[in-house]
Amino acid sequence: MDYEVYRKVWESHVPIEFNLDGASENQTPYYSMLPRASYLCLHIPKVLRYFSQTSGGELVEIDAEAAWLEYNSVPLKTYYPIGVLFDMHKPKNAQVWTVNVRTSSRPPECHNVSKDVMERMFMQAVKEADYLKHKGEVINSMKAEQHVQLWKAVSQYNFDGLWAVIKPLMECSPTAPFFHIPIRLYVVGEPSFRQKAIPPYDDGKQLVFSDAILRLAPNLIGQNDVEASHDFVCHGIPVPLNTPLVYLAKNLSYPDNFVHVIATPKG
Amino acid sequence: MSSDECQPTTSGVSGSVDYRMEILRLLEVRDQKHAFIEGIFRNYSKMIDTLSKTRISRVSNRSFDESGGGSDEIRKLRDEISEVYKKKSKNDQELIDANRRLAECERNLNAITEERDKLKSDLDKMCARIAQQELLVKQTLDDNQNMRDEMIALKTTCDALTRRKMEWEEERIALLNKIRELNEKYAEFFNREVDDQEERRRMKIQEEITKAIQDTSRDERTNSLLQQQENIPIGDVLLGDVVPSQALAKFDSNDGEVNDVLWLSGETFASAGSDRRIRIWRIDSQGRYQKLCSLSGANQAVTRLDYDKDKHVLLGSSNDNMCRLWNVDNQRLLTTLSGHTDKVSCARYHQSHNIVSGSYDRCIKLWDIHNQRCTKSYFPGSIVLDIIGRQSLGGAAFISAHFDKKIRFWDGRNSEPFKIVEMSGKVTSLALSEDGLQLLASTRDDTLSLIDIRNYHILHIYSAEQYRTSGDLARCVISPGQDYVAAGSADGHVYVWNSQTTRLEKILARGGHESAVLCLSWCPTGVGLLSGDKIRRVCYWH
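A quick note: this is a predicted structure, and the numbers were derived from the prediction, not measured. (Residues numbered from 1 in each chain as written. Chains lettered and ligands numbered in written order. Predicted model: local features only at pLDDT ≥ 70, side-chain atom pairs only at ≥ 80, totals over all residues. Heavy atoms only, no water.)

**Some thoughts on the overall build of chain A**
Here is step 1 of the chain: Along its length, chain A carries nine helices and 12 strands.
Here is step 2 of the chain: The burial tally for chain A puts 53% of its 267 residues in the buried class.
Here is step 3 of the chain: In chain A, the share of contacts with a sequence separation of at least 24, taken over all contacts with a separation of at least 6, comes to 67%.
Here is step 4 of the chain: Looking at chain A as shown, the accessible area adds up to about 11900 Å², and 50% of this sits on carbon and sulfur atoms. (Helix = DSSP H or I, 4+ residues; strand = E, 2+ residues; numbered from the N terminus. Buried < 20%, exposed > 50% of the residue type's maximum accessible area, 1.4 Å probe, protein only. Contact = heavy atoms within 4.5 Å. Areas by Shrake-Rupley, 256 points an atom, 1.4 Å probe, with all protein chains shown as cover.)

**Overview of the overall build of chain B**
Here is step 1 of the chain: The number of helices and strands found in chain B is four helices and 28 strands.
Here is step 2 of the chain: By residue count, 38% of the 542 residues in chain B fall in the buried class.
Here is step 3 of the chain: In chain B, of all internal contacts separated by at least 6 residues, the share reaching a separation of at least 24 is 46%.
Here is step 4 of the chain: By element, 52% of the accessible surface of chain B is carried by carbon and sulfur atoms, the whole surface being about 32300 Å².

**Section: the UniProt feature "repeat: WD" (unreviewed entry) in chain B**
All names here are of chain B.
Here is step 1 of the chain: Those places that UniProt annotates as "repeat: WD" (unreviewed entry) correspond, in this numbering, to residues 251-291, 295-336, 337-377, 479-507 and 510-542.
Here is step 2 of the chain: In residues 479-507, helix accounts for 0% and strand for 48%; the two terminal C-alpha atoms are 15 Å from one another.
Here is step 3 of the chain: Across residues 510-542, the secondary structure splits into 0% helix and 48% strand, with the terminal C-alpha atoms separated by 12 Å. (UniProt positions renumbered as here; feature names shortened; annotations may be inferred.)

**Concerning the nonpolar core**
All names here are of chain A.
Here is step 1 of the chain: Residues Ile 183, Leu 185 and Phe 232 are the most contacted members of the largest nonpolar core, which totals 36 residues.
Here is step 2 of the chain: Look past the residues within four positions of Ile 183 in its chain and what remains in contact with it is Arg 194, Gln 195, Ile 198, Phe 209, Ala 212, Leu 216, Leu 248, Phe 258, Val 259 and Val 261.
Here is step 3 of the chain: Counting 31 residues, the second largest nonpolar core, distinct from the first, contains Val 47, Leu 69, Met 88 and Tyr 254. (Core = buried A, V, L, I, M, F, W, Y, C linked by side-chain atoms within 4.5 Å.)

**Here we look at helix H4 (residues 115-134) of chain A**
Here is step 1 of the chain: The end-to-end C-alpha distance of H4(A) is 28 Å, a good match for the 28 Å that 20 residues give at a rise of 1.5 Å each.
Here is step 2 of the chain: At the C-terminal side of H4(A), Lys135(A) shows a positive phi close to 55°. (Expected span 1.5 Å × (residues − 1).)

**Details of the interface of chain B and chain A**
Often the size quoted for an interface is simply the accessible area lost on bringing the parts together.
Here is step 1 of the chain: The interface is formed by 29 residues belonging to chain B together with 38 residues belonging to chain A.
Here is step 2 of the chain: Taken together, the two surfaces of chain B and chain A that pack against each other cover about 3100 Å², and 66% of this comes from carbon and sulfur.
Here is step 3 of the chain: Where chain B meets chain A, there are two salt bridges.
Here is step 4 of the chain: We note a salt bridge from Glu4(A) to Arg20(B), for which the minimum N-O separation is 3.2 Å.
Here is step 5 of the chain: For the pair chain B and chain A, the number of links is seven residue pairs in polar contact (both at pLDDT 80 or more).
Here is step 6 of the chain: If you list the elements that add at least two residues to the side of chain B that touches chain A, you get helix H1 (2-13) and helix H2 (19-68) of chain B.
Here is step 7 of the chain: Among the elements that make up the side of chain B that touches chain A, the one with the highest residue count is H2(B) (19 residues).
Here is step 8 of the chain: A breakdown of the residues in the side of chain B that touches chain A according to their chemical character gives 12 nonpolar, eight polar and nine charged. (Buried area = accessible area lost by both parts, 1.4 Å probe. Salt bridge = Lys/Arg side-chain N within 4 Å of Asp/Glu carboxyl O. Polar contact = N/O pair within 3.5 Å; in protein donor to acceptor, adjacent residues only side chain to side chain. Nonpolar A, V, L, I, M, F, W, Y, C, P; charged D, E, K, R; others polar.)

**Thoughts on the pairing of strand E2 (residues 30-35) of chain A**
Residues and elements named next belong to chain A.
Here is step 1 of the chain: Within E2, five of the six residues are buried, which leaves it mostly tucked inside the rest of the structure.
Here is step 2 of the chain: Here strand E1 (residues 13-20) pairs with E2 via six bridges, running antiparallel. By the bridge assignment, Phe 18 is partnered in E2 with Tyr 30. (Pairing = 2+ DSSP bridges.)

**Description of the pattern of salt bridges**
Residues and elements named next belong to chain B.
Here is step 1 of the chain: Summed over the entire model, instances satisfying the criterion amount to 37 salt bridges over all chains.
Here is step 2 of the chain: In this structure, Arg 116 and Asp 117 form a salt bridge, with 3.3 Å as the shortest nitrogen-oxygen distance.
Here is step 3 of the chain: Given a relative accessible area of 47%, Arg 116 falls into the partly exposed group.
Here is step 4 of the chain: A salt bridge links Asp 472 to Lys 426; the shortest N-O distance between them is 3.8 Å. A residue pair is termed long-range when its members are at least 10 positions apart, and Asp 472 in the loop between strand E21 (457-462) and strand E22 (476-478) and Lys 426 in the loop between strand E17 (419-422) and strand E18 (427-432) qualify at 46 residues.
Here is step 5 of the chain: Connected through shared salt-bridge partners, Lys 250, Asp 252, Glu 514, Arg 536 and Arg 537 make up one network.

**Observations concerning the side chain of Thr443(B)**
Here is step 1 of the chain: Summarising the element assignment, Thr443(B) is placed in strand E19 (residues 438-443).
Here is step 2 of the chain: With near-sequence residues (within four places) excluded, Thr443(B) lies in contact with Met423(B), Gly425(B), Lys426(B), Val427(B), Thr428(B) and Thr469(B).

**Topic: unusual backbone geometry**
Leaving glycine out, the prevailing phi sign among residues is negative, and the prevailing peptide bond configuration is trans.
Here is step 1 of the chain: Positive phi is not limited to glycine here, since Asp446(B) has a value of about 70°.
Here is step 2 of the chain: Checked against the element boundaries, Asp446(B) lands in the loop between E19 and strand E20 (447-452).

**Considering helix H6 (residues 144-155) of chain A**
Residue and element names in this part refer to chain A.
Here is step 1 of the chain: In this model, H6 (12 residues) spans 17 Å end to end at C-alpha, consistent with the 16 Å of a helix rising 1.5 Å per residue.
Here is step 2 of the chain: When H6 is considered as a whole, its buried residues turn out to be His 147, Leu 150, Trp 151, Ala 153 and Val 154. Within H6, the buried residues cover an arc of 160° as seen down the axis, which keeps them to one side. Turned more than 90 degrees from where H6 packs its buried face, Ala 144 and Glu 145 sit exposed.
Here is step 3 of the chain: With its phi angle positive at about 55°, Tyr 157 sits one or two positions after the end of H6. (Arc of directions from axis to C-beta.)

**Describing the sheet that holds strand E5 (residues 97-102) of chain A**
What links the strands of a sheet is backbone hydrogen bonding, and the strands pair in either a parallel or an antiparallel sense.
Residue and element names in this part refer to chain A.
Here is step 1 of the chain: In space, the five strands of this open sheet follow the order E2-E1-E5-E3-E4, with mixed pairing throughout. Pairing within the sheet leaves two strands with one partner each, and these edge strands are E2 and strand E4 (74-75).
Here is step 2 of the chain: By the bridge criterion, two bridges tie strand E3 (residues 68-71) to E4 in an arrangement that is antiparallel. Its bridge partner being in E4, Tyr 71 is matched across the sheet by Val 74.
Here is step 3 of the chain: Contacts from helix H3 (residues 82-89) reach E1, E2, E3 and E5, with the element oriented near 75° to E1. (Axes fitted to C-alpha atoms, helices over the stretch in contact; angles between N-to-C directions.)

**Brief notes about the sheet that holds strand E25 (residues 504-508) of chain B**
Residue and element names in this part refer to chain B.
Here is step 1 of the chain: If you walk across this open sheet you meet the four strands as E22-E23-E24-E25, and the pairing is antiparallel. Since the sheet does not close on itself, it has two edges, and those belong to E22 and E25, each with one partner. Here the strands of the sheet are splayed against their neighbours by 15° on average, with no regard to which way each runs.
Here is step 2 of the chain: Bridge count for E22 against strand E23 (residues 484-488) is three bridges, and the pairing is antiparallel. If you follow Val 477 over to E23, its bridge partner there is Ala 486.

**Description of a nonpolar patch on the surface**
Residues and elements named next belong to chain A.
Here is step 1 of the chain: On the surface, a cluster of nonpolar side chains totalling about 210 Å² of accessible area is made up of Tyr 79, Val 117 and Met 121.
Here is step 2 of the chain: Inspection of the secondary structure assignment puts Tyr 79 in the loop between E4 and H3.
Here is step 3 of the chain: Taking relative accessible area as the criterion, Tyr 79 reaches 31% and is therefore assigned partly exposed. (Patch = residues over 30% accessible without salt bridge, like charges linked within 9 Å, V, L, I, M, F, W, Y side chains within 5 Å.)

**Let's talk about the environment of Met322(B)**
Residue and element names in this part refer to chain B.
Here is step 1 of the chain: Its place among the elements puts Met 322 in strand E8 (residues 322-327).
Here is step 2 of the chain: C-alpha separation for the pair Met 322 and Gln 300, spaced 22 residues apart in sequence, amounts to 9.3 Å.
Here is step 3 of the chain: Contact partners of Met 322, with chain neighbours within four places excluded, come to Gly 316, Ser 317, Thr 336, Leu 337, Ser 338 and Val 344.

**Things to note about the confidence of the model for chain B**
All names here are of chain B.
Here is step 1 of the chain: The share of residues in chain B with pLDDT of 70 or more is 89%, and the mean pLDDT across the chain is 84.
Here is step 2 of the chain: Counting contacts from residues 1-16, a segment whose pLDDT is below 50, to residues more than four positions away or on other chains yields 25 contacts.
Here is step 3 of the chain: Scored below 50 in pLDDT, residues 232-237 shows 11 contacts in the model against residues more than four places distant or in partner chains.
Here is step 4 of the chain: Across the whole predicted complex the pTM is 0.42, and at the interface the ipTM reaches 0.79. (pLDDT = per-residue confidence, 0-100.)

**Considering the packing of aromatic side chains**
Here is step 1 of the chain: Applying the stated criterion across every chain yields a total of 40 aromatic pairs over all chains.
Here is step 2 of the chain: A network of ring pairs unites the aromatic residues Phe18(A), Tyr30(A), Tyr31(A), Tyr50(A), Phe51(A), Phe41(B) and Tyr44(B) as a single cluster.
Here is step 3 of the chain: One residue, Lys343(B), lies across the ring of Tyr360(B), its end atom 5.0 Å from the ring centre. (Phe/Tyr/Trp six-rings, centres within 6.5 Å; stacked < 30°, edge-to-face > 60°. Lys NZ or Arg CZ within 6 Å of the ring centre and 35° of its normal.)

**Considering the side chain of Ser210(A)**
Here is step 1 of the chain: Examined against the element boundaries, Ser210(A) turns out to sit in helix H8 (residues 209-216).
Here is step 2 of the chain: In this structure Ser210(A) touches Ile221(A) and Leu241(A), once residues within four positions along its chain are discounted.

What follows is the structure in structure tokens.
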């Protein structure tokens, strides 16, 4: 693993402005830098606490279960990593991403994601990624405490704790190579991500990032020097197209072991 | 690590921009974009935190004010109460602390007291022990002093005794010298007396001669006697052993028992008896005998005789615990050897200057003739009845016969005998053959045994129906030619056996002794046997 890159990827934070929808004029928004590798549902309680203390000089109890987030009238899938949501929804010209906190009239498709649910979903993602990479051998050989530690490191934003557990999941060797690359492509405007079984090598040739995009979204990337219509962003940066998939999987994956790539239209 | 293994591949594929560096650069750019906002956001969150804190404190303060109402008194009282409570709790705490300290102190005190008691008892014990030790030391010192005193006393006693011993030693030596002087003087006086006697006898003979000269009537008879005498061969020459057949002469020799007879030459012999004298006789083949002289000096019966033919010195052992030496030629007493503590049963010449003697005191002594001293003592542990000491036995060897039925062979150098032969009875006498190879032993079980002293085997045993050993000192004899052995019996007869066939050759009885025959002596010429009995008599057998 490339420690320098991984450390940078882990440490990056994004600025988010929370507005309480339907509040009085006095209510000031809440600003916060949140880590890309974290999840929104872990931070919502703090935001709600702030709002409950400052809402017009009166203590207002906000039901955490009732609260939900939306941006631009679109309910947010809070079980995506913050970095993914940020890259997906932030307006191109804005520095800060503004999120509305709603406390009523939750749309039926937007489920409340509590901390426990988040943990299970996270572990599910990790297992899935490992099945793709190692056919689940590594995750199955890990102890239950190590699973708990992995989630704990993510939820408490503890790099050293994560580094200790995640290393074996990220590793591959010539004798035990990755079987497939866990990569998900999010296209703006589509309800869900695209995911395919993409091997790291094809006919002994090492596949690069553009190969993966070709397979996932052949319509979005221009072939034979044709200019691509979209940028393919991961962790807020357009990933160089010649990056090998193995390197991508090792260093640019989120703690849930997936490489989340967002395709945004150029311009 | 993965970058290391992936990088060369990618660069090899396209040679385009290093994707890793590109990624790092892009990440850097992205972070820089957020850097400005990040600072603002951080400050904001800090402010929010402070704000919420102040708000919380303000809310709590406000609630207090409201409940306090308006009354300052109540507040004051409340303050006082709280003050009192505070004090009380403080006092309580102090009390508890003090109690704890007190308990601790008590515990310490107890521990210390206990320790002190223990130490005290230890001290007492130690004191007692010290006192004990001191007592012991004192005792030891006293003992030491006593012992030292005793030692000094003993030392002085020892010194005194040593001094006395030395004095006595000197005295003893002086007395010994005196004794010797006196002995010499005694011998001198005695010899003078003998001389006087001789003189008187000579005078008497002179008188008789003069008388006889005057009386010449019996001349012819004398001449005829002298002629007869010339026909019989006499001399010291061994002519072969002849079994004696008749008693040629019979006379009273000594008063009481005749303990020993001994041929001095072919025609002289000595007899010793319980009358304390040794008489020397001349006897011819016809049986004519003549007393030559008598040797006196012994204070008790003389038991055994031995003769030194070269020096003409006669050795006699006596029951007065002494051995004596006489010069036969002038009848002088030469030496007295004293040292035995009981009757001396036998004494013999051993080597040229030595004498061995055996005694009833169960020891054998070896004497030096020249300085008249005992040179060595042997302790066989049994009464010595006879002894043989001859140069022919080889070196310093000698043989002793004992009351405990044993014959002991000594080599003179060791204090233990080198050979012991056990006999069937008390061994009364020993006789050595002329060649020194055969030993005749008379035992109390009425037999005689001939022993080969080369291998200590008994060659022959001689016995007869009527033969009874006459006494503890009964003396047997071997003829000079070793053809016959003879012994005297308790019935007064003399028995003669052939030494080789053990046949009884002769019993000499007729005209002989009337009492037990004690001693025999075979004439060196082989012809003629002397025997002495219990009552004065000596017989000459021919």
